[in-house]
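What follows is the residue order along each chain.
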Amino acid sequence: MRSKIIIILVLLTNSLCRAQDSVIHLYKGRAPGSENWNWKEKEFTVGTMKIVMDVADQTLTAFVPAKPNGTAIIIAPGGAFHALAIPHEGADVAKWLSEKGVIAFVLKYRLVHDDPAHPENSIGNLMATKNFKKLDSLNAPVVPLAMQDGLTAVKYVREHATQCKIDPGKIGFMGFSAGGTVTMSVVYNATDVDRPNFIAPVYAYAGSIIGSNVPKVKTPIFIAAATDADIGLAAHSVQIYQKWLDAKQPAELYMYERGRHGFGMNKQNLPVDKWIERFGDWLEMQGLIKK
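Let me sum up the structure you'll find in this document. Note that the structure is a prediction, hence the values are computed from the model and not measured.

Regarding the overall build of the protein
Scanning the protein from terminus to terminus reveals eight helices and ten strands. In terms of overall size, the protein behaves like a compact globule, its C-alpha atoms giving a radius of gyration of 18 Å where 291 residues would be expected to give roughly 19 Å. Summarising its shape, the C-alpha atoms of the protein cover approximately 65 × 45 × 35 Å along the three principal directions. Partitioning the intrachain contacts of the protein with sequence separation of at least 6 by distance along the chain shows that 74% fall at a separation of at least 24. Of the accessible surface of the protein, which amounts to about 13,800 Å², a share of 55% is contributed by carbon and sulfur atoms. When the 32 basic and 27 acidic side-chain charges of the protein are each reduced to a single mean position, those positions are 6 Å apart.

What follows is the structure, given as structure tokens:
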């Protein structure tokens with residue numbers, strides 16, 4: 001009987017990092033700090049882009065290569081802390097990375113509730129009116145929760161590194177826009193158990209980042225953004241790059257002339273379309289993927 005239980009546990013453990021698109025729940029029940037959230041997750045299509053809102057169940061979706069190389073990357077999509085652009089800032093990135101041997105995890109982190117009783121607070125209205133001050137005020141209570149989701153995700157991946165054939169010293173975190181805010185907040189507030197070994201904030205929003213202390217341990221950073229970002233975030237990436245330079249940490253920055261904000265994996269027939277390949281070059285230089 002005991003041997004049967006062991007076999008079942010081994011099969012369940014192995015399936016965690018073998019099944020493509022397997023979903024991992026970060027918490028048992030509601031996450032601390034949002035126990036009273038009772039809304040259901042919503043998915044919309046805006047133009048050609050699919051977005052997710054009202055994330056109440058925080059998860060990692062695993063994209064597992066046939067032959068993992070030991071590197072893992074957690075991906076936090078963007079969406080101004082009101083939505084998540086899951087495909088072009090999440091799943092499409094994860095698929096590209098998994099083809100390179102990286103186990104990629106797309107993170108669904110906590111967001112501001114899309115309350116139909118207050119349409120004036122919708123992300124569509126706030127962006128249309130460019131009321132960024134109000135957007136920041138609405139986001140403020142949620143950013144620490146999103147950061148905690150990111151830290152929990154890193155801890156989870158590290159704790160399960162052996163069974164997932166991951167090198168616990170090769171766990172990265174990358175994020176887009178608000179996901180870049182999560183990325184930087186995670187690295188500034190991490191301890192040994194939940195600290196990413198390398199990071200990649202892509203057109204990050206620095207205004208809501210929690211903390212500012214660059215890690216003392218070696219933490220390479222890859223940064224990408226577009227100069228013509230229509231909401232003026234190009235300078236934020238430069239500021240982060242400068243902090244890493246000042247701390248004498250390994251840093252690489254790509255600032256494309258054109259591409260606007262939110263380019264992700266979208267194709268615009270511009271040089272910015274190749275940013276993911278430059279990221280791959282950087283990962284190779286860091287010894288995180290092979291040619």
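From this point on, the discussion continues.
What to know about the pattern of salt bridges
For the structure shown, the criterion picks out eight salt bridges. Note that Asp114 is salt-bridged to Lys42, the shortest N-O span being 3.0 Å. Highlighted residues: Asp114 in the loop between strand E6 (103–108) and helix H3 (123–128) and Lys42 in strand E2 (residues 42–46), separated in sequence by 72 residues. When the shortest N-O distance is used, the salt bridge between Arg278 and Asp281 registers 3.0 Å. In this pair, Arg278 and Asp281 both sit in helix H8 (residues 275–285), three residues apart, roughly one turn of the helix. Judged by relative accessible area, which is 25%, Arg278 ranks as partly exposed. Owing to a relative accessible area of 38%, Asp281 belongs among the partly exposed residues under this scheme.

Digging into the packing of helix H5 (residues 143–159) against helix H6 (residues 178–189)
The geometry of H5 relative to H6 is characterised by a closest axis approach of 9 Å and an angle of 65° between their N-to-C directions. Between H5 and H6, the interaxial angle falls into the category roughly perpendicular. Crossing hand, H5 versus H6: right-handed. Side by side, H5 and H6 meet where Val143, Ala146, Met147, Gly150, Leu151 and Val154 of the first sit next to Thr181, Val182, Ser185, Val186 and Asn189 of the second. A per-class count over the contact of H5 with H6 returns seven nonpolar, four polar and no charged.

What to know about the packing of helix H2 (residues 87–98) against H8
Where H2 contacts H8, the axes come no closer than 12 Å and their chain directions differ by 45°. As far as their axial angle goes, H8 and H2 are oblique. By crossing handedness, the relation of H2 to H8 is classed as right-handed. Mapping the contact onto sequence places Val93, Trp96 and Leu97 in H2 and Ile276, Glu277, Phe279, Gly280 and Leu283 in H8. Here the contact of H2 with H8 is built from residues that sort into six nonpolar, one polar and one charged.

Remarks on the side chain of Arg158
With respect to the secondary-structure elements, Arg158 resides in helix H5. Buried charge without a salt bridge: Arg158, with Asp194 as the nearest opposite-charge side chain at an N-O distance of 6.4 Å. There is a polar contact of 3.3 Å between the side chain of Arg158 and the backbone oxygen of Val193. Only 2.9 Å separates the side chain of Arg158 from the backbone oxygen of Arg195, close enough to count as a polar contact.

Examining the side chain of Glu252
Within the secondary structure, Glu252 is located in strand E10 (residues 251–256). Within the buried core, Glu252 has no salt-bridge partner, and the shortest N-O distance to an opposite charge, that of Arg278, equals 7.1 Å. A polar contact of 2.7 Å, which involves the side chain of Glu252, links it to the side chain of Tyr254.

Remarks on the nonpolar core
Counting 81 residues, the largest nonpolar core has Leu60, Leu97, Phe105, Tyr109, Met174, Trp275 and Phe279 as its most contacted members. Per-element accounting of this core gives the leading share, eight residues, to H5. When neighbours within four sequence positions are excluded, Tyr109 is seen to be in contact with Val55, Gln58, Ala76, Pro77, Gly78, Phe81, Leu84, Ala146, Asp149, Ala178, Gly179 and Val182. Judged by nonpolar contacts, the second largest core, of seven residues, contains Ala80, Ala83, Ile123 and Leu135.

Rules used throughout
- Sequence order sets the numbering: in each chain, residues are counted from 1 along the sequence as written.
- Under the rules for a predicted model, residues below a pLDDT of 70 receive no local features and side-chain atom pairs below 80 are neither given nor counted, while totals for whole chains, interfaces and linings still include all residues.
- Water and hydrogen atoms were dropped before computing side-chain values, which therefore reflect all heavy atoms in the structure.
- Helix and strand assignments follow DSSP, with helices taken as H or I runs no shorter than four residues and strands as E runs no shorter than two, numbered in order from the N terminus.
- Throughout, the radius of gyration refers to the C-alpha atoms, and the reference size of a globule is 2.2 Å times the residue count to the power 0.38.
- Any two residues whose heavy atoms approach within 4.5 Å are treated as being in contact.
- Every accessible area reported is derived by Shrake-Rupley at a probe size of 1.4 Å, with residue values counting cover from the shown protein chains alone.
- All tallies of charge rest on Lys and Arg as positive and Asp and Glu as negative; His and the ends of each chain are not included.
- Charge placement uses NZ in Lys and CZ in Arg. For Asp and Glu, CG and CD serve respectively.
- A pairing counts as a salt bridge when a side-chain nitrogen of Lys or Arg comes within 4 Å of a carboxyl oxygen of Asp or Glu.
- Here the term buried applies to any residue with accessible area under 20% of the maximum for its type, exposed to any over 50%, and partly exposed to those in between, with areas from a 1.4 Å probe on protein chains only.
- Lines are fitted to the C-alpha atoms to define the axes, a helix being fitted only along its stretch in contact, and any angle between axes, read from their N-to-C directions, falls within 0 to 180 degrees.
- Reported orientations rely on four angle classes, namely roughly parallel under 35 degrees, roughly antiparallel over 145, roughly perpendicular from 65 to 115, and oblique for the rest.
- Less than a right angle of anticlockwise turn of the near helix away from the far helix marks a crossing as left-handed, whereas a clockwise turn marks it as right-handed.
- Following the grouping adopted for this structure description, the nonpolar residues are Ala, Val, Leu, Ile, Met, Phe, Trp, Tyr, Cys and Pro, the charged ones are Asp, Glu, Lys and Arg, and the polar ones are all others, Gly among them.
- Each polar contact in these results corresponds to two N or O atoms within 3.5 Å; when the atoms are within protein, one needs to be able to donate a hydrogen and the other to accept it, and residues that are neighboring in sequence are counted only if both atoms are side-chain atoms.
- In these notes, a set of buried Ala, Val, Leu, Ile, Met, Phe, Trp, Tyr and Cys residues joined through side-chain atoms within 4.5 Å is what counts as a nonpolar core.

Geometric values such as these leave the question of function open.
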